Amino acid sequence: MKIDLTPILSGELKELHFSFTENVSGEESDIYFKGLDITPRGYIDVKGKICDISGYYELECSASMPYTTHCARCGKMVEKTCECSMRRTVSQKKEQESDDEIFYTDRQIELDPAVYEELSISFPTKPLCRLDCKGLCPVCGQDLNEGGCEHSQDNKDQDTL
Ligand SMILES: [Zn+2]
Ligand SMILES: [Zn+2]
């Protein structure tokens, strides 16, 4: 995802809006989602704008990505969408980018790393198939959403504690 900044750097525009849908790159996904139980379902939607605020440039952007993961309680596969948003100061490339900056080179911003990074910290740590998922019986492994087992009275007691 590259954004050409020419219209804003030349002063032609004060606000540059962008919106695109990009296929998930396996390479980036391997780097940023490493160790996470995340299987992207193909694409990322990105939209936002870059504003010229009297001589400095600011990027505002939001992204969403559908993905598949597993319920933290019952282990069932669940489809979810991760959403994130960010705000960065746009600066010309220097040594090291700080957290609230994004660099451009040759009048272009490469948005991928920032978007993947922001998504990677936005996944829920305990995704659930539904808010009241009852989980599995710790004794026999019965899926308690599908009905009780001989131990489920114990589970009810635990729930009310
Ligand atoms: Zn569940
Ligand atoms: Zn049981």
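Residues numbered from 1 in each chain as written. Chains lettered and ligands numbered in written order. Predicted model: local features only at pLDDT ≥ 70, side-chain atom pairs only at ≥ 80, totals over all residues.

## Remarks on the overall build of the protein chain
Logical step 1: Looking only at helices and strands, one finds 4 helices and 8 strands in the protein chain.
Logical step 2: Listing every helix and strand of the protein chain by position from the N terminus yields β-α-β-α-β-β-β-β-β-β-α-α.
Logical step 3: Here the C-alpha radius of gyration of the protein chain, 22 Å, is well above what a compact globule of 161 residues would show, namely 15 Å.
Logical step 4: Taken over 161 residues, the protein chain has a buried fraction of 17%.
Logical step 5: Expressed as a percentage of contacts within the protein chain between residues at least 6 apart in sequence, the contacts between residues at least 24 apart total 54%. (Helix = DSSP H or I, 4+ residues; strand = E, 2+ residues; numbered from the N terminus. Rg over C-alpha atoms; globule rule 2.2 N^0.38 Å. Buried ≥ 20, exposed ≤ 12 C-beta atoms within 10 Å, placed from the backbone. Contact = placed C-beta atoms within 7 Å.)

## Some thoughts on unusual backbone geometry
Logical step 1: For Asp-106, which is not glycine, the phi torsion reads 50 degrees and is therefore positive.
Logical step 2: Locating Asp-106 in the fold gives a position in the loop between β7 (101-105) and β8 (108-110).
Logical step 3: Looking at Asp-106, the number of C-beta atoms within 10 Å reads 9, which means it is exposed.

## Some points on the domain arrangement of the protein chain
Logical step 1: The assigned domain composition of the protein chain is domain 1 (2-130) and domain 2 (132-161).
Logical step 2: The straight-line distance from the C-alpha centre of domain 1 to that of domain 2 is 39 Å.
Logical step 3: Taken together, the residues of the side of domain 1 that touches domain 2 break down into 4 nonpolar, 1 polar and 2 charged. (Domains from an automatic or database assignment. Nonpolar A, V, L, I, M, F, W, Y, C, P; charged D, E, K, R; others polar.)

## Section: the nonpolar core
Logical step 1: Counting residues in each nonpolar core, the largest one holds 22 residues, and the members touching the most others are Ile-50, Ala-63, Val-90, Ile-109 and Val-115.
Logical step 2: Setting aside anything within four residues of it in sequence, one finds Ala-63 in contact with Ile-44, Asp-45, Val-46, Cys-84, Val-115, Glu-118 and Leu-119. (Core = buried A, V, L, I, M, F, W, Y, C linked by C-beta atoms within 7 Å.)

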